Amino acid sequence: MTTHKVAANGKERTRKNDPVRVQADIMRVATREFSEKGLSGARIDEIAEKTKTSKRMIYYYFKDKETLYLKALERSYQQVRQQEGELELDHLEPIQALSKLVAFTFEHHIKNPDFIRMVMIENIHHGRFIEQSELIQSLNAGAVDELQKVYRRGLETGQFRPGLEALELHWLISALSFFNVSNRYTFSRIFNWDQNAASNQEKLASHVIDMVLRYVVKPELMAD
(Lines give C-alpha, C1' and ligand atoms only; values in the text may rest on other atoms or scores of the structure.)
Protein backbone atom coordinates (compact mmCIF):
# COMPACT_ATOMS: atom_id res chain seq x y z
CA MET A 1 0.00 0.00 0.00
CA THR A 2 1.28 3.46 -0.92
CA THR A 3 0.16 6.76 0.56
CA HIS A 4 0.79 10.27 -0.76
CA LYS A 5 1.56 13.27 1.40
CA VAL A 6 1.91 16.92 0.37
CA ALA A 7 4.97 18.50 1.95
CA ALA A 8 5.12 22.08 3.23
CA ASN A 9 6.84 23.22 0.05
CA GLY A 10 3.87 22.02 -2.00
CA LYS A 11 5.69 19.03 -3.45
CA GLU A 12 4.14 15.62 -3.14
CA ARG A 13 6.27 12.93 -1.58
CA THR A 14 5.45 9.25 -1.61
CA ARG A 15 6.21 6.63 0.98
CA LYS A 16 5.08 3.10 1.57
CA ASN A 17 2.78 2.53 4.50
CA ASP A 18 5.19 0.24 6.35
CA PRO A 19 4.67 0.68 10.13
CA VAL A 20 7.67 -1.45 11.07
CA ARG A 21 10.02 0.49 8.82
CA VAL A 22 8.58 3.84 9.88
CA GLN A 23 8.97 3.05 13.59
CA ALA A 24 12.50 1.74 13.08
CA ASP A 25 13.44 4.93 11.23
CA ILE A 26 11.92 7.09 13.96
CA MET A 27 13.84 5.14 16.60
CA ARG A 28 17.12 5.44 14.71
CA VAL A 29 16.83 9.20 14.32
CA ALA A 30 15.44 9.72 17.82
CA THR A 31 18.35 7.85 19.36
CA ARG A 32 20.79 10.12 17.57
CA GLU A 33 18.88 13.25 18.58
CA PHE A 34 18.56 12.24 22.23
CA SER A 35 22.20 11.15 22.41
CA GLU A 36 23.40 14.48 21.04
CA LYS A 37 20.93 16.88 22.68
CA GLY A 38 19.48 15.07 25.64
CA LEU A 39 15.85 14.60 26.53
CA SER A 40 15.15 18.30 27.03
CA GLY A 41 17.10 19.45 23.99
CA ALA A 42 15.77 16.99 21.43
CA ARG A 43 12.74 18.24 19.50
CA ILE A 44 10.00 16.13 17.99
CA ASP A 45 9.81 18.60 15.08
CA GLU A 46 13.41 17.84 14.11
CA ILE A 47 12.94 14.09 14.51
CA ALA A 48 9.87 14.28 12.27
CA GLU A 49 11.74 16.29 9.64
CA LYS A 50 14.72 13.94 9.60
CA THR A 51 12.51 10.88 9.27
CA LYS A 52 10.29 12.57 6.64
CA THR A 53 7.24 11.76 8.72
CA SER A 54 4.95 13.87 10.88
CA LYS A 55 4.72 14.75 14.56
CA ARG A 56 1.29 13.21 14.53
CA MET A 57 2.71 9.90 13.30
CA ILE A 58 5.43 9.93 15.98
CA TYR A 59 2.88 10.59 18.71
CA TYR A 60 0.65 7.88 17.25
CA TYR A 61 3.38 5.28 17.67
CA PHE A 62 5.12 6.60 20.80
CA LYS A 63 2.55 8.72 22.68
CA ASP A 64 4.93 11.50 23.82
CA LYS A 65 8.58 12.54 23.86
CA GLU A 66 9.36 10.84 27.16
CA THR A 67 7.96 7.55 25.89
CA LEU A 68 10.00 7.88 22.71
CA TYR A 69 13.12 8.54 24.80
CA LEU A 70 12.46 5.47 26.94
CA LYS A 71 11.91 3.31 23.85
CA ALA A 72 15.14 4.61 22.34
CA LEU A 73 16.96 3.79 25.56
CA GLU A 74 15.48 0.30 25.60
CA ARG A 75 16.43 -0.21 21.96
CA SER A 76 20.03 0.78 22.74
CA TYR A 77 20.30 -1.84 25.46
CA GLN A 78 18.50 -4.45 23.39
CA GLN A 79 21.02 -4.12 20.59
CA VAL A 80 24.09 -4.59 22.75
CA ARG A 81 22.58 -7.51 24.67
CA GLN A 82 21.41 -9.17 21.46
CA GLN A 83 24.92 -8.96 20.03
CA GLU A 84 26.34 -10.35 23.27
CA GLY A 85 23.99 -13.29 22.94
CA GLU A 86 25.38 -14.03 19.49
CA LEU A 87 28.91 -14.55 20.85
CA GLU A 88 28.11 -18.18 21.76
CA LEU A 89 30.39 -18.14 24.78
CA ASP A 90 29.19 -21.53 25.98
CA HIS A 91 31.17 -23.18 23.21
CA LEU A 92 34.48 -21.65 24.34
CA GLU A 93 36.76 -22.57 27.19
CA PRO A 94 36.43 -20.10 30.11
CA ILE A 95 39.50 -17.92 29.53
CA GLN A 96 38.76 -17.63 25.82
CA ALA A 97 35.09 -16.88 26.54
CA LEU A 98 35.96 -14.11 28.99
CA SER A 99 38.50 -12.62 26.57
CA LYS A 100 35.95 -12.61 23.78
CA LEU A 101 33.33 -10.93 25.95
CA VAL A 102 35.73 -8.18 27.05
CA ALA A 103 36.92 -7.62 23.47
CA PHE A 104 33.33 -7.41 22.26
CA THR A 105 32.33 -4.89 24.93
CA PHE A 106 35.32 -2.67 24.22
CA GLU A 107 34.74 -2.76 20.46
CA HIS A 108 30.97 -2.33 20.71
CA HIS A 109 31.29 0.81 22.80
CA ILE A 110 33.83 2.50 20.55
CA LYS A 111 31.66 1.73 17.50
CA ASN A 112 28.43 2.87 19.16
CA PRO A 113 29.06 6.25 20.81
CA ASP A 114 25.32 6.99 20.71
CA PHE A 115 24.82 4.18 23.22
CA ILE A 116 27.41 5.67 25.56
CA ARG A 117 25.88 9.13 25.29
CA MET A 118 22.39 7.73 25.95
CA VAL A 119 23.68 6.08 29.13
CA MET A 120 25.41 9.31 30.17
CA ILE A 121 22.19 11.26 29.63
CA GLU A 122 20.18 8.75 31.62
CA ASN A 123 22.66 9.23 34.47
CA ILE A 124 21.90 12.95 34.33
CA HIS A 125 18.28 11.92 34.98
CA HIS A 126 19.46 9.73 37.88
CA GLY A 127 18.29 6.58 36.12
CA ARG A 128 14.64 7.66 36.34
CA PHE A 129 13.62 6.11 33.03
CA ILE A 130 15.66 2.94 33.38
CA GLU A 131 13.96 2.41 36.72
CA GLN A 132 10.62 2.36 34.88
CA SER A 133 11.76 -0.22 32.33
CA GLU A 134 11.38 -3.86 33.29
CA LEU A 135 12.86 -4.70 29.88
CA ILE A 136 16.18 -2.97 30.52
CA GLN A 137 16.48 -4.45 34.00
CA SER A 138 15.73 -7.91 32.63
CA LEU A 139 18.23 -7.52 29.78
CA ASN A 140 21.04 -6.47 32.08
CA ALA A 141 20.25 -9.12 34.67
CA GLY A 142 20.57 -11.63 31.83
CA ALA A 143 23.98 -10.22 30.88
CA VAL A 144 25.24 -10.72 34.44
CA ASP A 145 23.79 -14.24 34.47
CA GLU A 146 25.74 -15.11 31.31
CA LEU A 147 28.93 -13.76 32.83
CA GLN A 148 28.22 -15.79 35.95
CA LYS A 149 28.04 -18.91 33.79
CA VAL A 150 31.46 -18.18 32.30
CA TYR A 151 32.90 -17.50 35.74
CA ARG A 152 31.39 -20.67 37.19
CA ARG A 153 32.89 -22.76 34.39
CA GLY A 154 36.25 -21.17 35.08
CA LEU A 155 35.97 -22.14 38.73
CA GLU A 156 35.07 -25.70 37.80
CA THR A 157 38.13 -26.00 35.55
CA GLY A 158 40.37 -24.48 38.23
CA GLN A 159 41.33 -21.52 36.02
CA PHE A 160 39.55 -18.66 37.83
CA ARG A 161 40.13 -17.28 41.31
CA PRO A 162 37.30 -18.00 43.77
CA GLY A 163 35.41 -15.32 45.66
CA LEU A 164 34.59 -12.95 42.80
CA GLU A 165 31.14 -11.54 42.02
CA ALA A 166 29.82 -11.58 38.45
CA LEU A 167 28.11 -8.21 38.95
CA GLU A 168 31.36 -6.58 40.06
CA LEU A 169 33.17 -8.17 37.13
CA HIS A 170 30.51 -6.80 34.78
CA TRP A 171 31.06 -3.37 36.34
CA LEU A 172 34.81 -3.61 35.76
CA ILE A 173 34.47 -4.58 32.10
CA SER A 174 31.87 -1.88 31.51
CA ALA A 175 33.87 0.80 33.30
CA LEU A 176 37.04 0.25 31.29
CA SER A 177 35.18 0.12 27.99
CA PHE A 178 32.88 3.03 28.83
CA PHE A 179 35.65 5.44 29.82
CA ASN A 180 37.38 4.79 26.52
CA VAL A 181 34.45 6.47 24.76
CA SER A 182 32.97 8.86 27.31
CA ASN A 183 36.27 10.66 28.02
CA ARG A 184 38.15 10.16 24.78
CA TYR A 185 38.07 13.81 23.66
CA THR A 186 38.99 15.36 27.00
CA PHE A 187 41.69 12.76 27.67
CA SER A 188 43.17 13.19 24.19
CA ARG A 189 43.31 16.98 24.48
CA ILE A 190 44.56 17.11 28.06
CA PHE A 191 47.49 14.83 27.27
CA ASN A 192 47.90 15.72 23.60
CA TRP A 193 47.50 12.05 22.68
CA ASP A 194 45.44 10.71 19.81
CA GLN A 195 43.47 8.14 21.76
CA ASN A 196 41.23 7.45 18.75
CA ALA A 197 44.12 6.39 16.52
CA ALA A 198 43.67 2.79 15.41
CA SER A 199 47.04 1.73 16.82
CA ASN A 200 46.22 3.22 20.23
CA GLN A 201 42.79 1.63 20.28
CA GLU A 202 44.33 -1.76 19.53
CA LYS A 203 46.78 -1.36 22.41
CA LEU A 204 44.07 -0.19 24.81
CA ALA A 205 41.81 -3.11 23.89
CA SER A 206 44.68 -5.51 24.51
CA HIS A 207 45.45 -3.86 27.87
CA VAL A 208 41.81 -4.03 28.99
CA ILE A 209 41.56 -7.73 28.15
CA ASP A 210 44.83 -8.38 29.96
CA MET A 211 43.74 -6.44 33.07
CA VAL A 212 40.46 -8.31 33.34
CA LEU A 213 42.13 -11.69 32.84
CA ARG A 214 44.80 -10.92 35.43
CA TYR A 215 42.04 -10.03 37.88
CA VAL A 216 40.06 -13.23 37.28
CA VAL A 217 42.51 -15.93 36.21
CA LYS A 218 44.73 -17.60 38.79
CA PRO A 219 48.17 -15.91 38.72
CA GLU A 220 50.08 -19.10 38.03
CA LEU A 221 48.13 -19.57 34.81
CA MET A 222 48.93 -16.10 33.44
CA ALA A 223 52.03 -15.89 31.27
CA ASP A 224 54.14 -12.76 31.76
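Our structure's up above, just so we're on the same page.
Residues numbered from 1 in each chain as written. Predicted model: local features only at pLDDT ≥ 70, side-chain atom pairs only at ≥ 80, totals over all residues. Heavy atoms only, no water.

Right, let's talk about the layout of surface pockets for a bit. Estimated volume of the largest pocket: approximately 660 Å³. In terms of lining, the largest pocket is formed by 29 residues, of which the most central are Arg81, Glu84, Ala143, His170 and Ser174. Going through the elements one at a time, helix H4 (65-85), helix H5 (94-111), helix H6 (113-124), helix H8 (134-156) and helix H9 (166-182) are the ones with two or more residues in the lining of the largest pocket. Volume-wise, the second largest pocket comes out at about 160 Å³. Every residue lining the second largest pocket is listed: Tyr77, Val119, Glu122, Asn123, Gly127, Ile130, Ile136, Gln137 and Asn140. For the lining of the second largest pocket, the secondary structure elements donating two or more residues are H6 and H8. Split by residue class, the lining of the second largest pocket holds four nonpolar, four polar and one charged. (1 Å grid on protein atoms, 1.4 Å probe; cavity = no way out; pocket = protein on both sides within 12 Å on 5 of 7 lines; lining within 4 Å. Points joined across faces, edges and corners; volume = space filled by probe spheres on them. Helix = DSSP H or I, 4+ residues; strand = E, 2+ residues; numbered from the N terminus. Nonpolar A, V, L, I, M, F, W, Y, C, P; charged D, E, K, R; others polar.)

Here we take up the environment of Gln132. Of note, Gln132 is situated in helix H7 (residues 128-132). Among the residues examined, Gln132 registers a relative accessible area of 48% and is labelled partly exposed. Between the alpha carbons of Gln132 and Leu70 there is a distance of 8.7 Å; along the sequence they are 62 residues apart. (Buried < 20%, exposed > 50% of the residue type's maximum accessible area, 1.4 Å probe, protein only.)

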